[in-house]
Amino acid sequence: MAKMTISLPDDLADYVARRVASGRYDSADAFLAELIVKDQDHRKLDDDELRDILRLAEESGVSDRRIPDILLETKAKLRDYL
C-alpha cells in the first residue's frame with residue numbers, strides 16, 4: 001500500500017473529521033478512499049455515456065443540414081432555455 005500526505009484547507013479538514021466522527025468511516029483514509037472510488041466510478045460512467053453518444057451519432061448517418069444552420073438552431077434553443 002502506498003503512503004500519501006495531503007494538505008487540506010481547514011474547512012475541508014473539518015468536514016473530513018466530521019464524516020469520520022459520524023461513525024460511517026473508520027478513518028480519514030477510509031473516507032478519502034471511498035471518495036476516490038466514487039470519482040473513478042463517475043468518470044467511468046462519463047466515459048461509457050460518451051461512447052454511447054458517439055455510437056448513436058455514427059449510427060444516425062450523415063446530416064444534410066449545414067453547420068451554420070445547426071448553430072443558429074442551437075443558439076435559438078439556448079435562448080429559449082435561458
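For the structure itself, look to the data block above.
For clarity, every value in this text was computed on a predicted model and none was experimentally measured. Within each chain, residue numbers correspond to sequence positions counted from 1 in written order. The predicted nature of this model means local features are confined to residues of pLDDT at least 70 and side-chain atom pairs, given and counted, to a pLDDT of 80 or more, with totals for whole chains, interfaces and linings taken over all residues. Values shown for side chains rest on all heavy atoms present in the structure; no hydrogens or waters enter the calculation.

Thoughts on the overall build of the protein
Inference 1: Helix and strand counts for the protein come out as three helices and zero strands.
Inference 2: N-terminal to C-terminal, the α/β element order of the protein is α-α-α.
Inference 3: Using C-alpha atoms as the atom set, the radius of gyration is obtained and then compared with a globule rule of 2.2 Å times the number of residues to the power 0.38. Relative to a compact globule of 82 residues, whose C-alpha radius of gyration would be 12 Å, the protein shows 22 Å and is clearly more extended.
Inference 4: For the C-alpha atoms alone, the extent of the protein along its principal axes is close to 60 × 30 × 20 Å.
Inference 5: A buried classification covers 4% of the 82 residues belonging to the protein.
Inference 6: Total accessible area on the protein is roughly 7800 Å²; 57% of this is exposed by carbon and sulfur atoms.
Inference 7: Under this rule, positive means Lys or Arg and negative means Asp or Glu; His and the chain ends count for nothing. To locate a charge, the coordinates of NZ of Lys, CZ of Arg, CG of Asp or CD of Glu are taken. Considering the protein, the positive charge centre built from 14 side chains and the negative charge centre built from 19 side chains are found 3 Å apart. Put simply, DSSP marks the helices as runs of H or I at least four residues long and the strands as runs of E at least two long, and each gets a number from the N terminus on. Note on exposure labels: buried denotes an accessible area under 20% of the residue type's maximum, exposed denotes more than 50%, and partly exposed covers the range between, all computed with a 1.4 Å probe on protein chains only. Where accessible areas are quoted, they stem from the Shrake-Rupley method and a 1.4 Å probe; at the residue level, only the protein chains shown are allowed to cover.

Description of the packing of aromatic side chains
Inference 1: Any Phe, Tyr or Trp ring, taking Trp's six-membered ring, that has another such ring centre within 6.5 Å forms a pair; planes under 30 degrees apart are called stacked, those over 60 apart edge-to-face, and the others tilted. Within this structure, the stated rule accounts for two aromatic pairs.
Inference 2: For the ring pair tyrosine 25 and phenylalanine 31, a centre distance of 4.9 Å and an interplane angle of 75° mean the geometry is edge-to-face. Here tyrosine 25 matches phenylalanine 31 in class, with each residue buried.
Inference 3: Among the aromatic residues, those joined into a ring-pair cluster are Tyr15, Tyr25 and Phe31.

What about the pattern of salt bridges?
Inference 1: Here, a salt bridge means any Lys or Arg side-chain nitrogen found within 4 Å of an Asp or Glu carboxyl oxygen. One pass over the full model with this rule turns up nine salt bridges.
Inference 2: Salt bridges sharing common partners tie together Arg24, Glu34 and Lys38.

Regarding helix H1 (residues 10-21)
Owing to its 3.6 residues per turn, the α-helix brings residues three or four apart onto one side.
Inference 1: If you check H1, its first and last C-alpha atoms are 16 Å apart, about what twelve residues at 1.5 Å a residue would give, namely 16 Å.
Inference 2: Downstream of H1 by one or two residues, glycine 23 has phi in the positive range, about 95°. Here a helix's expected span is defined as the number of its residues, less one, multiplied by 1.5 Å.

Quick word on the environment of alanine 2
Inference 1: Here alanine 2 lies in the segment before H1.
Inference 2: The spacing of alanine 2 and serine 63 is 61 residues in sequence and 51 Å in space, taken between C-alpha atoms.

Describing the environment of aspartate 39
Inference 1: Within the secondary structure layout, aspartate 39 lies in helix H2 (residues 28-60).
Inference 2: Its relative accessible area of 45% is what places aspartate 39 among the partly exposed residues.
Inference 3: In the structure, aspartate 39 is positioned 40 residues away from arginine 79 in sequence and 33 Å away in space, judged by C-alpha atoms.

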